[in-house]
Amino acid sequence: MPFDYGSGHINPAAAIDPGLIYDHDTNNLIDFLCSYGASVAQIKNLTGTPVYCKNPPIPSYNFNYPSIGVFNMSGNVSVYRTVTYVGEGPTVYYSKLQAITGVRSSVYPNVLRFSKSGEKLTYRIDFVPYKSSNGSFEFGSLTWRNDVHMVRSPIAVNVASV
């Protein structure tokens, strides 16, 4: 699975009724820029006001986005995502992880139970590398399914050391 393979093809009908969404706001974007070393001056150019980065910065792999990427993984890593349910009535989503070569992975919780639209739930994916990827990326995915929707997140990891 190469990097040009995203979270899914554009499907206008599905966009109207996605089931789950990955919200992010200005603070998430600032945290993402900070994780890459953006300075106060650089962020002020974007926001118009001084904004200071958290110390230590939130890792870029925790940016609340459907795709998941971990570069230079050294040891175990936990990645967090928050999804918002945008359907009608209660529902249950079940997870399925596609294996990643050289990395054991698990998702907690592996079932998301929503009682109403607008409800947010956070899940965690734990990555435990057991083999270096020798400078290249290994790929997998996480898919959440209920009776109506399938929400897929591609995963790319680069294991620097175990």
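Counting from 1, residues in each chain are numbered in the order their sequence is written. With pLDDT at 70 or above as the cut-off, local features in this predicted model cover only qualifying residues; side-chain atom pairs require 80 or more to be listed or tallied, and sums for whole chains, interfaces and linings still use all residues. With hydrogens and water stripped out, all remaining heavy atoms of the structure feed into the side-chain values.

Quick look at the overall build of the chain now. Across its full length, the chain holds three helices and nine strands. Elements are defined by DSSP. Helices are runs of H or I of four residues or more, strands are runs of E of two residues or more, and each kind is numbered from the N terminus. For the chain, the sequential pattern of α-helices and β-strands runs α-β-α-α-β-β-β-β-β-β-β-β. A compact globule built from 162 residues would reach a C-alpha radius of gyration of about 15 Å, and the chain, at 17 Å, matches this within 12%. C-alpha atoms of the chain, sized along the principal axes, occupy 45 × 45 × 25 Å. With a 1.4 Å probe rolled over the protein chains alone, any residue whose accessible area is under 20% of its type maximum counts as buried; one over 50% counts as exposed, and the rest are partly exposed. Taken over 162 residues, the chain has a buried fraction of 33%. Long-range contacts, defined here as pairs at least 24 residues apart, represent 66% of the contacts in the chain between residues at least 6 apart. For accessible areas, the Shrake-Rupley method is used with a probe of radius 1.4 Å. Any residue's cover is judged against the shown protein chains and nothing else. Split by element, the accessible area of the chain, about 9600 Å² in all, is 55% carbon and sulfur. Here the radius of gyration uses the C-alpha set of atoms, whereas the globule reference equals 2.2 Å times the residue count to the power 0.38. Should any heavy atoms of two residues lie within 4.5 Å, those residues are considered in contact.

Turning to the nonpolar core, a few remarks are in order. To define a nonpolar core, start from buried Ala, Val, Leu, Ile, Met, Phe, Trp, Tyr and Cys residues and group those joined through side-chain atoms within 4.5 Å. In terms of nonpolar packing, the biggest core is built from 24 residues, with Tyr123, Phe127 and Trp144 touching the most fellow members. Broken down by secondary-structure element, the contributors of at least two residues to this core are strand 2 (68-74), strand 3 (77-85), strand 5 (103-108), strand 6 (111-114), strand 7 (120-129), strand 8 (138-145) and strand 9 (150-161). Dropping the residues within four chain positions of it, Phe127 is found in contact with Ile68, Val70, Met73, Asn76, Val77, Val79, Ile100, Val103, Arg104, Ser105, Ile155 and Val157. Counting residues in hydrophobic clusters, the runner-up holds five residues, among them Ile30, Cys34, Ile43 and Val51.

This part takes up the packing of aromatic side chains. Two aromatic rings from Phe, Tyr or Trp, using only the six-membered ring of Trp, form a pair when their centres are within 6.5 Å; if the ring planes differ by under 30 degrees the pair is stacked, by over 60 it is edge-to-face, and anything between is tilted. One pass over the full model with this rule turns up seven aromatic pairs. Residues Phe32 and Tyr36 carry aromatic rings whose centres are separated by 5.3 Å and whose planes lie at 65° to one another, so their mutual orientation is edge-to-face. By relative accessible area, which is 60% here, Tyr36 ends up exposed. One aromatic cluster is present, built from ring pairs that chain together Phe32, Tyr36, Phe63 and Tyr65.

Hydrogen bonding along the main chain pairs the strands of a sheet, whether they run parallel or antiparallel. Reading across from one edge, 1-3-7-5 is the order of the four strands in this open sheet, with antiparallel pairing throughout. Here the strands that pair on one side only, and so sit at the sheet edges, are strand 1 (20-21) and strand 5. Note on pairing: DSSP must find at least two bridges between two strands before they are called paired.

The working definition used for a salt bridge is a side-chain nitrogen of Lys or Arg within 4 Å of a carboxyl oxygen of Asp or Glu. Overall, the coordinates contain three salt bridges when judged by the stated rule. Among the ionic pairs, Asp31 bridges to Lys54, the shortest N-O distance being 3.0 Å. Residue Asp31 is found in helix 2 (residues 26-35), and its partner Lys54 is found in the loop between helix 3 (40-47) and strand 2; the two are separated by 23 residues along the sequence. We classify Lys54 as partly exposed; its relative accessible area is 46%.

For the rest of this paragraph, the subject is the sheet that holds strand 9. Strand order in the open sheet formed by five strands is 2-9-8-4-6, with mixed pairing between adjacent strands. Among the strands making up the open sheet, the edge pair consists of strand 2 and strand 6. Ignoring which end each strand starts from, the neighbouring axes of this sheet average 20° apart. Judged from the four bridges that link them, strand 4 (residues 91-98) and strand 6 form a sheet pairing that is antiparallel. When the bridges of strand 6 are listed, Tyr94 appears paired with Val111. The convention used is that axes are lines fitted to C-alpha atoms, helices contributing only their stretch in contact, and that angles between N-to-C directions extend from 0 to 180 degrees.

Another point: the pairing of strand 3. Sheet faces and side chains relate simply in a regular strand, where the side chains alternate between the two faces. Where strand 1 and strand 3 come together, two bridges link them in antiparallel fashion. Directly across from Ile21, in strand 3, lies its bridge partner Thr84. With eight bridges connecting them, strand 3 and strand 7 associate as antiparallel partners. For Val79, the partnering residue across the bridge sits in strand 7 and is Ile125.

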